[in-house]
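# Examination of the molecular architecture
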Amino acid sequence: MARHQVAIKRIYETPEKDDGTRVLVERLWPRGFTKERAHIDLWLKEIAPSNDLRHWFNHEPAKFDEFRHRYEEELKTPEGQATLKRLNDMALQGPLTLVYSAHDSEHNNAVVLRDLLNH
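Summary of the structure given here. Keep in mind it's a predicted model, so treat the numbers as computed, not measured.

### Section: the overall build of the protein
- The number of helices and strands found in the protein is five helices and four strands.
- Starting at the N terminus and walking to the C terminus, you meet the elements of the protein as β-β-α-β-α-α-α-β-α.
- The C-alpha radius of gyration computed for the protein amounts to 13 Å, which stays within 12% of the reference 14 Å derived for 119 residues, consistent with globular compactness.
- In terms of overall dimensions, the protein has a C-alpha envelope of 35 × 35 × 20 Å along the principal axes.
- By the burial criterion, 42% of the 119 residues in the protein qualify as buried.
- Once local pairs closer than 6 in sequence are excluded, the contacts in the protein between residues at least 24 apart make up 65%.
- When the accessible surface of the protein is split by element, carbon and sulfur atoms take 49% of a total near 6,900 Å².
- Charged side chains in the protein number 18 positive and 20 negative. The centres of these two groups are separated by 3 Å.

Here you go:
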């Protein structure tokens, strides 16, 4: 994939103009947010980890390395690859921010996606 910079941002952080295209990468819509308040351009719930993986991980930092491995395996499906390509193509058009709702800014699916897209 081409080189570019993809950012990540918690949905609770204030949207900025330089966020560019804001894509929500969660399977569930964040509680307490209207579509207007979230300032989301696109919701790609199909790129989020499976419910089984999400429940297994349970946002436990000690499980993150294994979570990353399992999530990357999930993304190897044709649908996962097509959605990653879509995100990559969007990033080539301009700034792209992957929006997530997890409290932990270092151990979540947006981190994995950003790393895959920025490598």
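### Remarks on the sheet that holds strand β1 (residues 6-10)
- Pairing within the open sheet is parallel, and its four strands lie in the order β1-β4-β2-β3. The open sheet has two free edges, formed respectively by β1 and β3 (42-43), since each of these has just one partner strand.
- Pairing between β1 and strand β4 (residues 96-100): five bridges, direction parallel. Note on β4: the bridge partner recorded for V6 is L96.
- The sheet strands contacting helix α4 (residues 78-93) are β1, β2 (21-24), β3 and β4, and the helix crosses β4 at an angle near 130°.
- Against the sheet, helix α5 (residues 109-118) engages β1 and β4, with an angle of about 170° to β1.

### Examining the pairing of β2
- Across four bridges, β2 lies against β4 in parallel orientation. Bridged to L24 within β4 is V99.
- Where β2 and β3 come together, two bridges link them in parallel fashion. Bridge pairing in β3 links V23 to L42.

### Some words on the layout of surface pockets
- Estimated volume of the largest pocket: approximately 530 Å³.
- In this structure, the largest pocket is lined by 19 residues; those nearest its centre are E26, L28, R54, H59 and S101.
- Considering every element that reaches the lining of the largest pocket, the biggest residue donor is helix α2 (residues 51-57), with three residues.
- Considering only residue class, the lining of the largest pocket consists of eight nonpolar, six polar and five charged.

### Concerning the environment of P49
- Looking at the element boundaries, P49 is found in the loop between β3 and α2.
- Here the alpha-carbon distance between P49 and R27, two residues 22 residues apart in the chain, equals 7.4 Å.
- Excluding residues within four positions of it along the chain, P49 makes contact with R27, R54, F67, Y71, E74 and N109.

The rules we used
- Residues numbered from 1 in each chain as written.
- Predicted model: local features only at pLDDT ≥ 70, side-chain atom pairs only at ≥ 80, totals over all residues.
- Heavy atoms only, no water.
- Helix = DSSP H or I, 4+ residues; strand = E, 2+ residues; numbered from the N terminus.
- Rg over C-alpha atoms; globule rule 2.2 N^0.38 Å.
- Buried < 20%, exposed > 50% of the residue type's maximum accessible area, 1.4 Å probe, protein only.
- Contact = heavy atoms within 4.5 Å.
- Areas by Shrake-Rupley, 256 points an atom, 1.4 Å probe, with all protein chains shown as cover.
- Lys, Arg positive; Asp, Glu negative; His and termini not counted.
- Charge placed at Lys NZ, Arg CZ, Asp CG, Glu CD.
- Pairing = 2+ DSSP bridges.
- Axes fitted to C-alpha atoms, helices over the stretch in contact; angles between N-to-C directions.
- 1 Å grid on protein atoms, 1.4 Å probe; cavity = no way out; pocket = protein on both sides within 12 Å on 5 of 7 lines; lining within 4 Å.
- Points joined across faces, edges and corners; volume = space filled by probe spheres on them.
- Nonpolar A, V, L, I, M, F, W, Y, C, P; charged D, E, K, R; others polar.

Nothing here speaks to function; it is all geometry.
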